[in-house]
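For reference, the chains in residue letters:
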Amino acid sequence: MNFTPSSYSILLILMFLEALGLPVPSEVIMPLAGYFSSQGQYDLLGAILVGTIGATIGSFLDYFIALFLGEPILLRYGKYIRLTQANLNKMYLWFNKYGVFAVFFARFLPAVRALISYPAGLAKMNFLRFFIATFAGQFLWNGVLAYVGFLFGRNYSTIVSQIDHLTYIITIILIIALIVVIILYKHNFLKYKR
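Everything numeric in this text was worked out from a predicted model, so none of it was measured.

### Topic: the overall build of the protein chain
Counting its secondary structure elements, the protein chain contains eight helices and zero strands. In sequence order, the protein chain lays out its α and β elements as α-α-α-α-α-α-α-α. Per-residue burial for the protein chain yields a buried fraction of 34% across its 194 residues. Counting contacts in the protein chain only where the partners sit at least 6 residues apart, residues at least 24 apart contribute 76% of the total. Surface exposure of the protein chain reaches about 12,300 Å², of which carbon and sulfur atoms provide 74%.

Quick look at the structure:
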C-alpha cells in the first residue's frame, strides 16, 4: 500500500473546495479516489472518510458565513426582491421542522449540494443536527462514488475489453446509418431532379 499524507491532503482540499461551491465536482474526485484505492494508492474507507471530512468542513464554513452575515445582508438588500422579515421567519420555521431532511437529501443533488448549507445557517439550524445530516449525506454520497471508482479499477481490463467490443458495434451501426442516409439523400435528390 502506498499511502502518503500529501495525497490524502489533496483529496481533503478538493472536497473542501467542492463544498464551497467551486467547480470541483465530487462526481469526478471520489470515483478517482476509489480507482486509486483499487490500485493500492489509497485505503478505500480512508479515502471516503477524508473526502467526507473535507466536504463537511467546507459545509461548516458556508453554514457559519450564512449564520453570522446572512440575515443582515438579506434584510438590507432583500427589499429589492421583496424579501421581508416575515418571509425569513417562515423559512426559519420550515428549516426547524424539515431542515435535517433537506440538508441530508441535498447532499445527493448536484449544485444544491454546495448551496444547502447557506439556508441552514441563515435559518440558524441546530448545529449538531446540521453536522449529523451533512456528514451522513456526504459519507453516503462519497461512499457510492468511491465504490464505483473502486469497482471500475478492479475490473479495468474487463471494462476496457467490453469498450473495445462496444466500439466495433458502434462503428458498424454508424456505417450502416451513413449508408442509409446516403441512399435516402440520393433517392430524394433524384426524385426532385425529375
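### Here's the deal with the packing of aromatic side chains
A full pass over the atoms with the stated rule returns 19 aromatic pairs. A ring pair is formed by Phe 104 and Phe 105, whose centres lie 5.0 Å apart and whose planes are at 85°; its orientation type is edge-to-face. Here Phe 105 falls in the partly exposed class, since its relative accessible area comes to 48%. Measuring from centroid to centroid gives 6.4 Å for Phe 127 and Phe 130, while their planes differ by 35°, and the two rings are tilted. In this pair, Phe 127 and Phe 130 both sit in helix α7 (residues 127–154), three residues apart, roughly one turn of the helix. Look at Phe 130 and you get buried, because its relative accessible area is 0%. Through successive ring pairs, a cluster of aromatic residues spans Phe 60, Tyr 63, Phe 64, Phe 68, Phe 127, Phe 130, Phe 131, Phe 135 and Phe 139.

### Here's the deal with the pattern of salt bridges
Summed over the entire model, instances satisfying the criterion amount to two salt bridges. For Arg 113, the salt bridge goes to Glu 27, with nearest N and O atoms at 3.1 Å. Of this pair, Arg 113 sits in helix α5 (residues 112–115) while Glu 27 sits in helix α2 (residues 26–38); the two residues are 86 residues apart in sequence, bridging distant segments of the chain. Classification of Arg 113 by relative accessible area gives buried; the value is 4%. On the basis of relative accessibility, which here comes to 31%, the residue Glu 27 falls in the partly exposed class.

### Concerning α2
Under the 1.5 Å per step criterion, the end-to-end length of α2 is 18 Å for 13 residues, consistent within 8% with the ideal 18 Å. Residues Ser 26, Ile 29, Met 30, Pro 31, Ala 33, Gly 34 and Ser 37 constitute the buried set of α2.

### As for α7
Look at α7: 39 Å from first C-alpha to last across 28 residues, which is about the 40 Å you get at 1.5 Å a residue. N-cap assignment for α7: the residue whose side-chain oxygen lies 3.0 Å from the backbone N of Leu 128 is Asn 126.

### Here we look at the UniProt feature "transmembrane region" (unreviewed entry) in the protein chain
Those places that UniProt annotates as "transmembrane region" (unreviewed entry) correspond, in this numbering, to residues 45–70, 91–110, 130–153 and 165–185. Each end of residues 45–70 is marked by a C-alpha atom, and these two atoms are 36 Å apart; helix forms 100% of the span and strand 0%.

### Description of the nonpolar core
One broad trend across soluble globular proteins is that nonpolar side chains are buried collectively. Leu 11, Met 15, Met 30, Ala 33 and Tyr 42 are the most contacted members of the largest nonpolar core, which has 18 residues in total. Breaking this core down by element, the ones donating at least two residues are α1 (5–19), α2, α3 (44–77) and α7. Considering every element that reaches this core, the biggest residue donor is α3, with five residues. Tyr 92, Ala 102, Val 103 and Ala 120 belong to the second largest nonpolar core, which has 16 residues in total.

### With respect to the packing of α2 against α7
Two numbers describe how α2 lies on α7: the axes approach to 6 Å, and their chain directions differ by 45°. In terms of orientation, α2 lies oblique with respect to α7. As α2 packs across α7, the resulting crossing turns out to be right-handed. Of the residues in α7, those touching α2 at Ser 26, Glu 27, Met 30, Pro 31, Gly 34, Tyr 35, Ser 37 and Ser 38 are Trp 141, Asn 142, Leu 145, Ala 146, Gly 149, Phe 150, Phe 152, Gly 153 and Arg 154. Per-class residue counts for the contact of α2 with α7 are eight nonpolar, seven polar and two charged.

Criteria and thresholds
Residues numbered from 1 in each chain as written. Predicted model: local features only at pLDDT ≥ 70, side-chain atom pairs only at ≥ 80, totals over all residues. Heavy atoms only, no water. Helix = DSSP H or I, 4+ residues; strand = E, 2+ residues; numbered from the N terminus. Buried < 20%, exposed > 50% of the residue type's maximum accessible area, 1.4 Å probe, protein only. Contact = heavy atoms within 4.5 Å. Areas by Shrake-Rupley, 256 points an atom, 1.4 Å probe, with all protein chains shown as cover. Phe/Tyr/Trp six-rings, centres within 6.5 Å; stacked < 30°, edge-to-face > 60°. Salt bridge = Lys/Arg side-chain N within 4 Å of Asp/Glu carboxyl O. Expected span 1.5 Å × (residues − 1). Polar contact = N/O pair within 3.5 Å; in protein donor to acceptor, adjacent residues only side chain to side chain. UniProt positions renumbered as here; feature names shortened; annotations may be inferred. Core = buried A, V, L, I, M, F, W, Y, C linked by side-chain atoms within 4.5 Å. Axes fitted to C-alpha atoms, helices over the stretch in contact; angles between N-to-C directions. Parallel < 35°, antiparallel > 145°, perpendicular 65-115°, else oblique. Left-handed = near helix turned anticlockwise from the far one by under 90°. Nonpolar A, V, L, I, M, F, W, Y, C, P; charged D, E, K, R; others polar.

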